[in-house]
Amino acid sequence: MDTIRLSIVTPNGEIFNDDVKTVTLPGKEGEFGVLPGHSSLISSLTVGVIVIEKANSTEAVAINWGHVKVDERSVDVLADGAIALTSGKDSEIAKNIEAAKELVNSVKDSNISVAFVEAKINSFA
């Protein structure tokens, strides 16, 4: 088993559903990575960037907050707000990056460095 199924859903619908090699999530206690065969867990997610490693590409999705359920074969993210940073045409990506910055700036969580999250978002520009 060399992939794990990742699904990212918001109240507006599903924004990602595919098999991935690894996924890095912005957990409340810090970032954590998930590989195929990961032990089961449920965690709160905080504002940040989900980094998705696929076979031939890296994708990223900014979220404001949410929850994740992990088991050996799947990662299910339920996010309040999520914006894909890496899919679409260049003009769409630029718009999405601006929208993602607005999303993270709307979060009032004093424990999170918005500048750090913005820098991570910019790294996908």
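Definitions and limits used
Residues numbered from 1 in each chain as written. Predicted model: local features only at pLDDT ≥ 70, side-chain atom pairs only at ≥ 80, totals over all residues. Heavy atoms only, no water. UniProt positions renumbered as here; feature names shortened; annotations may be inferred. Core = buried A, V, L, I, M, F, W, Y, C linked by side-chain atoms within 4.5 Å. Buried < 20%, exposed > 50% of the residue type's maximum accessible area, 1.4 Å probe, protein only. Helix = DSSP H or I, 4+ residues; strand = E, 2+ residues; numbered from the N terminus. Contact = heavy atoms within 4.5 Å. Axes fitted to C-alpha atoms, helices over the stretch in contact; angles between N-to-C directions. Parallel < 35°, antiparallel > 145°, perpendicular 65-115°, else oblique. Left-handed = near helix turned anticlockwise from the far one by under 90°.

- Per an unreviewed UniProt entry, the recorded name for the protein chain is ATP synthase epsilon chain, and the organism is Arcobacter caeni.
- We quote the UniProt Function (unreviewed entry) comment for the protein chain here in full: "Produces ATP from ADP in the presence of a proton gradient across the membrane."
- For the record of the protein chain, the UniProt heading Sequence similarities (unreviewed entry) holds the text "Belongs to the ATPase epsilon chain family."

**Remarks on the nonpolar core**
Thought 1: Counting 20 residues, the largest nonpolar core has Leu6, Leu25, Ile50, Ile52, Val75 and Val77 as its most contacted members.
Thought 2: When residues of this core are traced back to their parent elements, those giving at least two are strand E1 (4-10), strand E2 (13-20), strand E3 (22-27), strand E4 (30-34), strand E6 (48-53), strand E7 (58-63), strand E8 (66-70) and strand E9 (74-79).
Thought 3: Those residues in contact with Val77 that sit more than four places away from it in its chain are Leu6, Ser7, Ile8, Val9, Leu25, Leu45, Ile50, His67 and Val68.
Thought 4: Val49, Ala60, Ile97 and Ile121 belong to the second largest nonpolar core, which has 16 residues in total.

**Things to note about the side chain of Lys101**
Thought 1: Inspection of the secondary structure assignment puts Lys101 in helix H1 (residues 90-105).
Thought 2: Once you skip the residues sitting within four places of it in the chain, Lys101 turns out to touch Glu118, Ile121 and Asn122.

**Some remarks on the packing of H1 against helix H2 (residues 114-122)**
Thought 1: With their axes 10 Å apart at the nearest point, H1 and H2 run at an angle of 165° to one another. One way to sum up the angle between H1 and H2 is to call them roughly antiparallel. Seen from above, H1 lies across H2 with right-handed handedness. Across the interface between the two elements, Ile97, Ala100, Lys101, Val104 and Asn105 from H1 touch Val114, Val117, Glu118, Ile121 and Asn122 from H2.

**Overview of the UniProt feature "domain: ATP synthase F1 complex delta/epsilon subunit N-terminal" (unreviewed entry) in the protein chain**
Thought 1: Mapped onto this numbering, the UniProt entry annotates "domain: ATP synthase F1 complex delta/epsilon subunit N-terminal" (unreviewed entry) at residues 5-82.
Thought 2: Regarding residues 5-82, the helix share stands at 0% and the strand share at 69%, and the terminal C-alpha atoms are separated by 18 Å.

**A word on the environment of Ile63**
Thought 1: By the secondary structure assignment, Ile63 is in strand E7.
Thought 2: Here Ile63 falls in the buried class, since its relative accessible area comes to 0%.
Thought 3: Between the C-alpha atoms of Ile63 and Val34, which are 29 residues apart in sequence, the distance is 17 Å.
Thought 4: Apart from residues lying up to four places away in sequence, Ile63 is in contact with Pro26, Leu45, Thr46, Val47, Gly48, Ile50, Ala79, Gly81, Ala82, Leu103 and Val104.

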